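Fold and contact review
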Amino acid sequence: MIALARHGEERSATAIGDTAADCLIREVETWPKPGLVSHVDQGAHDDMDADLLRRSARMLAPYFTDLAAAGAAGADMDRLRAIGMAAEAAMLAATAGVNTHRGAIFGLGLLAAAAGFRTRYGVAAPLGRIVAARWATGILDGPVDLHSHGSVVARRYRAGGARAEAAAGFPAVYDVALPALADARRIADGDEAERVQACMALIAGVADSNLLYRGGPAGLAFAQRQAKAFLADGGVGAAGWRPRAAAIHAAFVARRLSPGGCADLLAMALFVAAVER
Ligand SMILES: CC(C)(COP(=O)(O)OP(=O)(O)OC[C@H]1O[C@@H](n2cnc3c(N)ncnc32)[C@H](O)[C@@H]1O)[C@@H](O)C(=O)NCCC(=O)NCCS
Ligand SMILES: Nc1ncnc2c1ncn2[C@@H]1O[C@H](COP(=O)(O)OP(=O)(O)OP(=O)(O)O)[C@@H](O)[C@H]1O
């Protein structure tokens, strides 16, 4: 009996890891996402393209599986952090030093750990609430790299970034991206359009530390204005939405703006939608 239960747990951790990697790939296969890399172009990034992001995502699946298994085993934040840091090191080795998924490993990794916990204990709570209840203190009290772009921006502009978002249980996923995906299902023509709508809603509503780092408060305000105007004009439900979204994408690229945190949050919303279904 025990051996069977273990085998079942391993299988579900593997399924969680594979789902997390799939969600990263579905995020890449979405165009037009303002400033971001996709199957169509490199957006505002000289050092990465869709192939590199796809390879990075696939390589990360076993780490998400480990995080799910650790969550199921009742791991504390120190244990999750060790797996997350090993994943980051493997990512940098696989991409010759390019930061393809640092923010995504963190956010999706915590949600994968919560998914493991949820499956193991049969709790019905949303994944974000599990993250906040079990690991918020460890997230906020953990070691900080004073030189990371996120830390620089946090000091300069008092932006909470990826840590604050996770510790609060991912409000951008639950209050912004998931409602946008649900709205878009009624008005959009296909899955890719739904993901574009959620991406625009995230850009309009999130203080993305990547936008702040590259463009300062003026860059963030520009990005939010563009995304809000797109949504106010009917979003992906309006005729001609794709050329309008492509024009916003081009405006971000011209200013070197890239909302990498919103890309991560889009992948997380796809993951939550798949796991909590
Ligand atoms: C917390 C992390 C992201 C580092 O954050 P920091 O702000 O210091 O660095 P950095 O600028 O490199 O990364 C921030 C990344 O977060 C994402 N992001 C930006 N803004 C936001 C936002 N508002 N909300 C969510 N994510 C965001 C972007 O992808 C961005 O690139 C993380 O890499 C970390 O601490 N890793 C250690 C391992 C760990 O704790 N793992 C947990 C289990 S997986
Ligand atoms: N499709 C995508 N396009 C661009 N960034 C993405 C995409 N998907 C996820 N990201 C996130 O964006 C982050 C990388 O962003 P970016 O390269 O702008 O930041 P950086 O490494 O801090 O430095 P720099 O501004 O010098 O390039 C990664 O952590 C990753 O999780």
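Residues numbered from 1 in each chain as written. Chains lettered and ligands numbered in written order. Predicted model: local features only at pLDDT ≥ 70, side-chain atom pairs only at ≥ 80, totals over all residues. Heavy atoms only, no water.

1. Focus on the overall build of the protein chain
- Counting its regular elements, the protein chain contains 12 helices and 0 strands.
- Seen in sequence order, the protein chain has helices and strands lined up from the N terminus as α-α-α-α-α-α-α-α-α-α-α-α.
- Structurally, the protein chain occupies a C-alpha span of about 60 × 45 × 30 Å along its principal axes.
- Within the protein chain, buried positions represent 51% of all 277 residues.
- Put simply, of all contacts in the protein chain between residues at least 6 apart along the chain, 70% involve residues at least 24 apart.
- Counting only carbon and sulfur atoms, one obtains 54% of the accessible surface of the protein chain, whose full area is about 12500 Å².
- Between the averaged position of the 29 positive side-chain charges in the protein chain and that of its 28 negative side-chain charges there is a distance of 3 Å. (Helix = DSSP H or I, 4+ residues; strand = E, 2+ residues; numbered from the N terminus. Buried < 20%, exposed > 50% of the residue type's maximum accessible area, 1.4 Å probe, protein only. Contact = heavy atoms within 4.5 Å. Areas by Shrake-Rupley, 256 points an atom, 1.4 Å probe, with all protein chains shown as cover. Lys, Arg positive; Asp, Glu negative; His and termini not counted. Charge placed at Lys NZ, Arg CZ, Asp CG, Glu CD.)

2. Focus: helix α6 (residues 149-157)
- Listed in full, the buried residues belonging to α6 are Ser151, Val152 and Val153.
- Buried-residue contacts for α6 involve α10 (209-232).
- Remark: Arg158 follows α6 within two positions and exhibits a positive phi of approximately 55 degrees.

3. Points about the site of ligand 2
- Residues in contact with ligand 2 amount to 18 residues; listed here are only the nearest, Glu27, Asn99, His149, Arg214 and Asp264.
- Separating an oxygen atom of ligand 2 from a side-chain N or O atom of Asn99 is a distance of 2.8 Å.
- For ligand 2, an oxygen atom lies 2.7 Å from a polar atom in the side chain of Asp264.
- At the level of secondary structure, the elements contributing two or more residues to the shell around ligand 2 comprise α4 (102-121), α10 and α12 (260-276).
- Residue composition of the shell around ligand 2, by class: 6 nonpolar, 8 polar and 4 charged. (Near = heavy atom within 4 Å. Polar contact = N/O pair within 3.5 Å; in protein donor to acceptor, adjacent residues only side chain to side chain. Nonpolar A, V, L, I, M, F, W, Y, C, P; charged D, E, K, R; others polar.)

4. Comments concerning the site of ligand 1
- Within the structure, ligand 1 sits among 27 residues, and Glu88, Arg102, Ser148, Gly150 and Asp264 are positioned closest to it.
- In this structure, Gly150 approaches ligand 1 through a main-chain N or O atom, which is 2.5 Å from an oxygen atom.
- Backbone polar atom of Ala207 to a nitrogen atom of ligand 1: 3.2 Å apart, as the coordinates give it.
- Burial of ligand 1 by the surrounding chains reaches 92%, relative to a free accessible area of 910 Å².
- Mapped onto the shell around ligand 1, the elements with two or more residues apiece are α3 (77-94), α4, α6, α7 (161-167), α10 and α12.
- No other element matches α3, which puts 6 residues into the shell around ligand 1.
- Looking at the shell around ligand 1 residue by residue, the classes come out as 9 nonpolar, 11 polar and 7 charged.

5. Some remarks on the environment of Ala273
- Relative to the elements of secondary structure, Ala273 occurs in helix α12.
- On the basis of relative accessible area, Ala273 is assigned to the partly exposed category, the value being 34%.
- The spatial distance from the C-alpha of Ala273 to the C-alpha of Arg58 is 20 Å, given a sequence separation of 215 residues.

6. Here we look at the side chain of Gln197
- Looking at where Gln197 falls in the secondary structure, it is placed in helix α9 (residues 191-205).
- If sequence neighbours within four positions are ignored, Gln197 has contacts with Ala180, Ala184, Ile187, Phe230, Leu231, Gly235 and Val236.

7. Points about the state of the cysteines
- Per the counting criterion, the structure on display carries 0 disulfides.
- The cysteine Cys23 is free of any disulfide, with Cys199 supplying the nearest cysteine sulfur at 15 Å.
- For Cys23, a relative accessible area of 1% translates into the label buried. (Disulfide = S-S within 2.5 Å.)

8. Focus on the packing of α4 against helix α5 (residues 127-141)
- Between α4 and α5, the shortest axis-to-axis distance is 9 Å and the interhelical angle comes to 115 degrees. The two elements α4 and α5 meet at a crossing, and its hand is right-handed. Contacts between α4 and α5 involve Phe106, Leu110, Leu111, Ala113, Ala114, Ala115, Phe117 and Arg118 from the first element and Leu127, Gly128, Ile130, Val131, Arg134, Trp135 and Ile139 from the second.
- When grouped by side-chain class, the residues that make up the contact of α4 with α5 number 12 nonpolar, 1 polar and 2 charged. (Axes fitted to C-alpha atoms, helices over the stretch in contact; angles between N-to-C directions. Left-handed = near helix turned anticlockwise from the far one by under 90°.)

9. Description of the confidence of the model for the protein chain
- Residues at a pLDDT of 70 or more form 97% of the protein chain, whose mean pLDDT is 95.
- ipTM for the predicted complex: 0.96, alongside a pTM of 0.97. (pLDDT = per-residue confidence, 0-100.)

10. Some remarks on the nonpolar core
- If you look at the biggest cluster of nonpolar residues, it comprises 83 residues, and the most contacted ones within it are Leu80, Trp135, Phe170, Val173 and Phe271.
- Counting residues in each nonpolar core, the second largest holds 7 residues, with Val28, Met48, Leu52 and Val98 among its members. (Core = buried A, V, L, I, M, F, W, Y, C linked by side-chain atoms within 4.5 Å.)

11. Here's the deal with unusual backbone geometry
- Cis geometry is found at the peptide bond from Trp31 to Pro32, where omega equals 0 degrees.
- With respect to the helices and strands, Pro32 occurs in the loop between α1 (2-28) and α2 (50-72).
- Positive phi, normally seen in glycine, also occurs at Arg158, with a value near 55 degrees.
- Positionally, Arg158 belongs in the loop between α6 and α7.
- Notably, Arg256 is not glycine yet its phi reads approximately 60 degrees, a positive angle.
- Topologically, Arg256 is positioned in the loop between α11 (241-254) and α12.

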